[in-house]
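Inside the fold
If you want the building blocks of each chain, they are given just below.
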Amino acid sequence: MAVFWRLSVSCGAKGARALFLRTPVVRPAHVSAFLQDRSTPGVQHIHLSPSHRSGGKAASLHWSGERVVSVLLLGLLPAAYLNPCSAMDYSLAAALTLHSNWGLGQVVTDYVHGDTSQKAAKAGLLVLSALTFAGLCYFNYHDVGICKAVAMLWKL
């Protein structure tokens, strides 16, 4: 059985109620000891984000860019259906390639371990994304385009 202690900041020494709760705020002592003692020898601590990759402003701008492209795709797909033209085809090629490159880049970041393998996987992803964009542009220029191809698939 875990030993509980009252949260001294919220509850006070006499066991007053925390903020507007009717029961005192408690947490297990072993959890609080884990949160306070970070220097346990032989124990590997989990870090959610590596310190050498936390870019602050750049990461925030990248996240905002990903959201803008996602929202752009939400509007671009119905617009491409209603008005199929070459501008829509090339816009879809660029937005879909960028969106998939960023998404697969996160998969590489999360699941490929080791500096060398991660760099190789990201280089391969960059080559794959460039070939995808080039292939979609080739398809748009030399064939019917993305919008009409999807419409033709829906007619089947």
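Small disclaimer: the values here were computed from a predicted structure and weren't measured.

With respect to helix α3 (residues 57-82)
Counting along an α-helix, one turn takes 3.6 residues, and residues three or four places apart therefore face a common direction. Across its 26 residues, α3 extends 38 Å between first and last C-alpha, which sits within 8% of the 38 Å expected from 1.5 Å per residue. Buried within α3 are the following residues: Glu66, Val69, Leu73, Leu76 and Ala80. Packing partners of the buried residues in α3 comprise α4 (86-111) and α6 (146-155).

Concerning the UniProt feature "binding site: heme b" (unreviewed entry) in the protein
In this structure's numbering, the residues bearing the UniProt feature "binding site: heme b" (unreviewed entry) are His99. Looking at histidine 99, the relative accessible area reads 35%, which means it is partly exposed. The residues touching histidine 99, leaving out its near neighbours within four places in the chain, are Val69, Ser70 and Leu73.

Thoughts on the pattern of salt bridges
Taken as a whole and assessed by the stated rule, the structure comprises one salt bridge. Note that arginine 67 is salt-bridged to glutamate 66, the shortest N-O span being 3.3 Å. Residue class for arginine 67 comes out partly exposed when judged on its relative accessible area of 36%.

As for the nonpolar core
Counting 10 residues, the largest nonpolar core is built from Val69, Leu73, Leu76, Ala80, Met88, Leu92, Ala93, Ala95, Ile146 and Cys147. Listed by contribution, the elements that provide at least two residues to this core are α3, α4 and α6. Residue contacts for leucine 73: discarding those within four places in its chain leaves Leu92, Ala95, Leu96 and His99.

Overview of the packing of aromatic side chains
With the rule as written, the count across this model stands at one aromatic pair. Measuring from centroid to centroid gives 5.5 Å for tyrosine 81 and tryptophan 154, while their planes differ by 55 degrees, and the two rings are tilted. Pair noted here: tyrosine 81 is in helix α3 and tryptophan 154 is in helix α6, with a separation of 73 residues, a long-range link.

Some points on the UniProt feature "binding site: a ubiquinone" (unreviewed entry) in the protein
When the UniProt feature table is mapped onto this chain, "binding site: a ubiquinone" (unreviewed entry) is found at Tyr111. With respect to the helices, strands and loops of the structure, tyrosine 111 is situated in helix α4. Given a relative accessible area of 65%, tyrosine 111 falls into the exposed group.

With respect to the side chain of threonine 97
Take threonine 97: it is sitting in helix α4. For threonine 97, a relative accessible area of 8% puts it in the buried group. With residues up to four places along the chain from it excluded, the contact list for threonine 97 reads Leu92, Ser129, Thr132, Phe133 and Leu136.

About the thresholds
Residues numbered from 1 in each chain as written. Predicted model: local features only at pLDDT ≥ 70, side-chain atom pairs only at ≥ 80, totals over all residues. Heavy atoms only, no water. Helix = DSSP H or I, 4+ residues; strand = E, 2+ residues; numbered from the N terminus. Expected span 1.5 Å × (residues − 1). Buried < 20%, exposed > 50% of the residue type's maximum accessible area, 1.4 Å probe, protein only. Contact = heavy atoms within 4.5 Å. UniProt positions renumbered as here; feature names shortened; annotations may be inferred. Salt bridge = Lys/Arg side-chain N within 4 Å of Asp/Glu carboxyl O. Core = buried A, V, L, I, M, F, W, Y, C linked by side-chain atoms within 4.5 Å. Phe/Tyr/Trp six-rings, centres within 6.5 Å; stacked < 30°, edge-to-face > 60°.

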